[in-house]
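Structural overview
The primary structure of each chain is shown beneath.
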Amino acid sequence: MTEIRVYDNKGAQMSSYLIGLAAKDGIFVLSVSPAKKDIDPLVKELVSSFKLVPRKLDAEETKRLSSEAKTQR
């Protein structure tokens, strides 16, 4: 997952989240841009479940973080 931050000339920020998933024929990419407060509740829930980390994760750390996220719900 990648977070892209875009700023306008007044300093306002908008974030877009890109998720790349391996697929049989290549890569499936999902992009979520929660720019408005009145976005779909399902999208809000999905975006709030993301945990960004500034490094690549190995399988064990990914599993641990996933388990921790599930217990926090």
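All of the points below concern the structure found in this document. Small disclaimer: the values here were computed from a predicted structure and weren't measured.

A word on the pairing of strand β2 (residues 13-23). Alignment of strand β1 (residues 2-7) against β2, held across six bridges, turns out to be antiparallel. Bridge pairing links Arg-5 to Ser-15 in β2. Connecting the antiparallel pair β1 and β2 is a turn made up of five residues, with Gly-11 showing a positive phi of about 95°. Where β2 and strand β3 (residues 26-32) come together, seven bridges link them in antiparallel fashion. Residue pairing across strands places Leu-21 opposite Phe-28, the latter belonging to β3. Counted between consecutive antiparallel strands, the loop separating β2 from β3 contains two residues.

For the rest of this paragraph, the subject is the sheet that holds β2. In spatial order, the strands read β1-β2-β3; together these three strands make up an open sheet with antiparallel pairing. Because the sheet does not close on itself, it has two edges, and the strands there are β1 and β3. Between one strand axis and the next, the sheet turns through 25° on average, direction left out of account.

Taken together, Leu-21, Phe-28, Leu-30 and Leu-46 make up a surface patch of nonpolar side chains, about 340 Å² in accessible area. We classify Leu-30 as partly exposed; its relative accessible area is 32%.

Definitions and cut-offs
- Residues numbered from 1 in each chain as written.
- Predicted model: local features only at pLDDT ≥ 70, side-chain atom pairs only at ≥ 80, totals over all residues.
- Heavy atoms only, no water.
- Pairing = 2+ DSSP bridges.
- Helix = DSSP H or I, 4+ residues; strand = E, 2+ residues; numbered from the N terminus.
- Axes fitted to C-alpha atoms, helices over the stretch in contact; angles between N-to-C directions.
- Patch = residues over 30% accessible without salt bridge, like charges linked within 9 Å, V, L, I, M, F, W, Y side chains within 5 Å.
- Areas by Shrake-Rupley, 256 points an atom, 1.4 Å probe, with all protein chains shown as cover.
- Salt bridge = Lys/Arg side-chain N within 4 Å of Asp/Glu carboxyl O.
- Buried < 20%, exposed > 50% of the residue type's maximum accessible area, 1.4 Å probe, protein only.

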